[in-house]
Amino acid sequence: MKVMENIKHKCRSAYDTTKRACNNMWQRVKPYTSKTYEFIRRPLSITTLCAILSLFTMIVYNIPVIKAVFENTSDNFNGVWLFISFIILMLILNFLLYYILLYFGRVVGKVIIAFTFICNALCLYFINGYHTIISQEMMGNVFNTRFSEASGFFSMGLLMYIIFLGVVPAILIFMVRIKYKSIWRFLICFVTTLAITFGTAYTNKKNILWIDRHATQVGGLLMPWSYTVNTILYVRQWIEMNRPQIPLPEGKITTEGKDLVVLVIGESARRDHFSLYGYERNTNPLLANDDVTPLIATSAYNYTTASVKAILDHKPTDDRYEILPNYLHRCGADVIWRTSNWGEPRLTIEKFYDNKALGERYPGTDPNYDEILIAGLKEEILASDKDKILVVLHTSTSHGPIYYSKSPLQFKHFLPECREVEMADANISELVNAYDNTIVYTDYILHSVIETLRELPDIRSCMLYVSDHGESLGEGDMFMHGLPAQMAPIEQFIVPFIVWCSDDATKIKPLAEVGQYHVFHSVLDFLGVESPIFNEELNIFDRDESSIRHIEEIAEGEEGADATEGTEESNSTNSEE
Ligand SMILES: [Zn+2]
């Protein structure tokens, strides 16, 4: 009993000591906490608060973008002014954003700003840790990521970023009391900030190419604009892509026999870098001996999504008509889509495989190179029970900026290769070397497709290769593609259109020039699909009529054979029909 009493007594005295110590500490800290609390709760004018928030956003969340701009501007007067302009614009635009949100939104404005702080913290973690750029594609990835995949990113570091750079500032913004100004003060502020914005932008008009070149990087790092603007762009694209397609009039397969078209969609492949079209370097050593027909073509657009749509559409249009693979699928053909790229319109086919899925299916082939698109292709074609087959291979072979990463070692015919991501600093001849190696690799891919088709002698087949758009390789200080149409140079539109056919009866018309809309009608013709929207003028094929076996004629022939005792009169009527 005594022992128990002793323990009880000790516990009580320990409790009392701790309580006293805590009380003492609280008494000492109390004046500071209440002072901090009072400081935070001190009413602040909306202008001062927005200025503080804008400065805070720059210092806490935007160091990576400031660093990127600093590293990409030269140290002459123009470069320094460009850098200063960027800082001014960032401060002014964030100030204006916060002002509008708080002035019109009040509590809702605070909620939105608090939400952006948490998003900023989250993005900053990935930018610092994974060197991510918050682009439109990245937002697409975010919205398409399952929780199980995202949970792999959770870490102590991420939690710290969210708490200290997201949650704490978010709580503080709720604690601040705001003194709102009159609408006139708001309007003066609004007009002044807009005037500074336009003035600064105007003095930088000659830097438009710099802005264009770095828009993705700078825009992808700038908080809170990166994820806001790119989410809007992604959602807009998603809605556009998922708009119901306008169905085309019924089409009908009218010819007999097994026919196959392999449509290879190129990425950023430029016609004048193919030796088939007269390029002085031998970039097509294999296709040169493959009996292919190279046609002169111009792309309808200079960026992927619009160009791929043009390749699959039956006419130039902004509307979402049923595209070639969906139409053929509905007509009863077998359609297989294999891709290492993205940006195609919505597909309503069953056999869609991206390079990741193909990599899992064919573990012997490296999914990082476009060869994966032809792995097991022959077997897949042979397994089809349909007579008419369309295979689409959507490649990414010449996609910049890191061309060197797109071709395997054995295709590096031109060295040294540029390994610089920042194209403005690239040595142009090394950049062209790396680009030309992707064309050498394209040559191999196309040759392999033709070889595959040659191994299928019972199937009448053809390969159509057309690139989505061209590419700028430093001409006029321009790189890549996708410049606004009025600024875009011709290099971004000149594309190869290469055709190979397995049979001699199918000829290619001697056309001076073709376009991407020729694909739809030529494929329809090759697969014997009759349709009210078929346009002979956009058909590259000229087929010997006597070689075509029409299903109706065959059916009639069988009927005739079945009717063993048919009258002469009825037979002649049949033949007239
Ligand atoms: Zn493209």
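About the cut-offs
Residues numbered from 1 in each chain as written. Predicted model: local features only at pLDDT ≥ 70, side-chain atom pairs only at ≥ 80, totals over all residues. Helix = DSSP H or I, 4+ residues; strand = E, 2+ residues; numbered from the N terminus. Rg over C-alpha atoms; globule rule 2.2 N^0.38 Å. Contact = placed C-beta atoms within 7 Å. Expected span 1.5 Å × (residues − 1). Buried ≥ 20, exposed ≤ 12 C-beta atoms within 10 Å, placed from the backbone. Pairing = 2+ DSSP bridges. Axes fitted to C-alpha atoms, helices over the stretch in contact; angles between N-to-C directions. Core = buried A, V, L, I, M, F, W, Y, C linked by C-beta atoms within 7 Å. pLDDT = per-residue confidence, 0-100.

## Comments concerning the overall build of the protein chain
Move 1: Per the secondary structure count, the protein chain includes 19 helices and 16 strands.
Move 2: For the protein chain, the C-alpha radius of gyration of 33 Å lies well beyond 25 Å, the compact-globule estimate for 577 residues.
Move 3: Once the C-alpha set of the protein chain is aligned to its principal axes, its extents read approximately 120 × 80 × 50 Å.
Move 4: Considering only contacts within the protein chain whose residues lie at least 6 apart along the sequence, 75% involve residues at least 24 apart.

## Description of helix α11 (residues 225-242)
Move 1: Here α11 contains 18 residues, and its C-alpha end-to-end distance of 25 Å stays within 8% of the 26 Å for a straight helix at 1.5 Å per residue.
Move 2: What α11 keeps buried is the set Trp225, Ser226, Tyr227, Asn230 and Tyr234.

## Comments concerning the sheet that holds strand β12 (residues 494-501)
Move 1: Ordered in space as β7-β6-β8-β4-β9-β12-β5-β14, the eight strands form an open sheet in which the pairing is mixed. Of all the strands in the sheet, just β7 (351-354) and β14 (514-515) have a single pairing partner and so form its edges.
Move 2: As paired strands, strand β9 (residues 460-467) and β12 are joined by five bridges and run antiparallel to one another. The partner of Val466 across the bridge, within β12, is Phe497.
Move 3: Running over the sheet, helix α17 (residues 518-526) touches β4 (259-266), β8 (388-394), β9 and β14 and is turned about 165° from β4.

## Here's the deal with the nonpolar core
Move 1: Core analysis: the largest hydrophobic core is formed by 71 residues, its most contacted members being Val261, Val262, Leu263, Leu390, Met463 and Val523.
Move 2: The biggest single contributor to this core is helix α16 (residues 428-454), with nine residues.
Move 3: Leave out the neighbours within four places in its chain, and Val523 touches Val261, Leu263, Leu324 and Leu390.
Move 4: One finds Ala68, Val69, Leu97 and Phe117 within the second-largest nonpolar core, a separate group that totals 34 residues.

## Quick word on α17
Move 1: Judged by how many residues are buried, α17 sits mostly within the fold: nine of nine residues are covered.
Move 2: Every buried residue of α17 is accounted for by His518, Val519, Phe520, His521, Ser522, Val523, Leu524, Asp525 and Phe526.
Move 3: Following α17 by one or two positions, Gly528 has its phi on the positive side, about 70°.

## Considering the environment of Ala333
Move 1: Structurally, Ala333 can be placed in the loop between α13 (324-331) and β6 (334-339).
Move 2: Ala333 gets classed as buried once you count the C-beta atoms within 10 Å, which come to 25.
Move 3: Beyond its immediate sequence surroundings of up to four residues, Ala333 is in contact with Leu328, Lys386, Lys388, Ile389, Leu390 and Leu527.

## Notes on the confidence of the model for the protein chain
As a note on interpretation, predicted positions should not be read in detail where pLDDT is low.
Move 1: Overall, the predicted model of the protein chain reaches an average pLDDT of 88, with 91% of residues at or above 70.
Move 2: A low-confidence stretch, residues 564-577 (pLDDT under 50), is modelled with five contacts involving residues beyond four sequence positions or located in other chains.

## So, the pairing of β12
Move 1: Burial runs high along β12: seven of the eight residues are buried.
Move 2: The pairing of strand β5 (residues 293-298) with β12 spans six bridges and is antiparallel. Pairing of Thr293 across the sheet is with Val499, part of β12.

## Some details on unusual backbone geometry
Move 1: With an omega of -5°, the peptide bond running from Met223 to Pro224 counts as cis.
Move 2: Of note, Ser268 is a non-glycine position whose phi angle comes to about 55°, a positive value.
Move 3: With respect to the element layout, Ser268 can be found in the loop between β4 and β5.
Move 4: Located in the positive-phi region is Asp291, a residue other than glycine, with phi close to 60°.
Move 5: If you trace the backbone, Asp291 turns up in the loop between β4 and β5.
Move 6: Judged by the 9 C-beta atoms lying within 10 Å of it, Asp291 is exposed.

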